[in-house]
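One-letter residues, chain by chain:
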Amino acid sequence: MSELTITLLRLGYLALLWFLVLSAITVLRRDLYGTRIIDRRRAAGKASTESPVPVGETPRAPRRARGTGGPTRLVVTEGPLRGTTLPLGSSAVLVGRAPSCTLVLDDDYSSSRHARIFPQGDQWFVEDLGSTNGTFVGEQRVEQPTPVPTGTAVRIGQSLLELQR
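These remarks concern the structure in this document. Computed from a predicted structure; not experimentally measured.

### Comments concerning the overall build of the chain
Here is step 1 of the chain: A tally of helices and strands in the chain yields 2 helices and 11 strands.
Here is step 2 of the chain: The 165 residues of the chain split such that 25% are buried.
Here is step 3 of the chain: Taking contacts inside the chain between residues at least 6 apart in sequence as the whole, the part at least 24 apart equals 38%.
Here is step 4 of the chain: With the model as given, the accessible surface of the chain reaches about 11,900 Å², and the carbon-plus-sulfur share is 55%.

The structure is reproduced here in structure tokens:
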């Protein structure tokens, strides 16, 4: 072999080693810092400042579609996000690990798009979206959209969610 061929092989081997080192660093960084969580309250605050309320009028709170007896918030009572509270409106709450979900769980036992909690009439329902480990209302596994009474535990991975007034 010529000296040029040996030098090119050495440089190729060196480039391959650096590629592997940088790949390992990228994986470690992703494991340390986890999923990027978007602060939706800050984004909502910016949206409200873009459409100002006319002078002399007071801003109104969003209307609820249900009566006053239904749940008004979703609370994480167990798991990595214990104490997190989401206000409930008239739209569905998507729960999972994906950053696009309404409630982003930092939990290895939940799927990217794990479950959906949605209102229908005067009740709230939970629907499993084909997750690997399943969704449970109380001790029963959810196979179809299931009503969730206020105060009943919904288990998604290691997290326990509860609808509260």
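### Brief notes about the pattern of salt bridges
Here is step 1 of the chain: Within the structure shown, the criterion is met by 3 salt bridges.
Here is step 2 of the chain: Two residues, Arg141 and Glu143, come together in a salt bridge whose shortest N-O distance is 3.8 Å.
Here is step 3 of the chain: In this structure Arg141 comes out as partly exposed when scored by relative accessible area, which is 38%.

### Things to note about the packing of aromatic side chains
Given two aromatic rings, their pairing is described by the distance between the two centres and the angle made by the two planes.
Here is step 1 of the chain: A complete count under the given rule lists 1 aromatic pair for this structure.
Here is step 2 of the chain: Pairing Phe118 with Phe125 gives two aromatic rings, centres 5.8 Å apart and planes at 20°, and the pair type is stacked. Accessibility classification places Phe118 together with Phe125 in one group, the buried group.
Here is step 3 of the chain: Over the face of the ring belonging to Phe118 we find Arg116, whose NZ or CZ atom lies 4.0 Å from the ring centre.

### Considering a nonpolar patch on the surface
Here is step 1 of the chain: There is a patch of nonpolar side chains on the surface, built from Leu4, Leu8, Leu11, Leu14, Trp18, Val21, Leu22 and Ile25 and spanning about 830 Å² of accessible area.
Here is step 2 of the chain: Looking at where Leu4 falls in the secondary structure, it is placed in helix α1 (residues 3-33).

Here is what the cut-offs are and how they apply
Residues numbered from 1 in each chain as written. Predicted model: local features only at pLDDT ≥ 70, side-chain atom pairs only at ≥ 80, totals over all residues. Heavy atoms only, no water. Helix = DSSP H or I, 4+ residues; strand = E, 2+ residues; numbered from the N terminus. Buried < 20%, exposed > 50% of the residue type's maximum accessible area, 1.4 Å probe, protein only. Contact = heavy atoms within 4.5 Å. Areas by Shrake-Rupley, 256 points an atom, 1.4 Å probe, with all protein chains shown as cover. Salt bridge = Lys/Arg side-chain N within 4 Å of Asp/Glu carboxyl O. Phe/Tyr/Trp six-rings, centres within 6.5 Å; stacked < 30°, edge-to-face > 60°. Lys NZ or Arg CZ within 6 Å of the ring centre and 35° of its normal. Patch = residues over 30% accessible without salt bridge, like charges linked within 9 Å, V, L, I, M, F, W, Y side chains within 5 Å.

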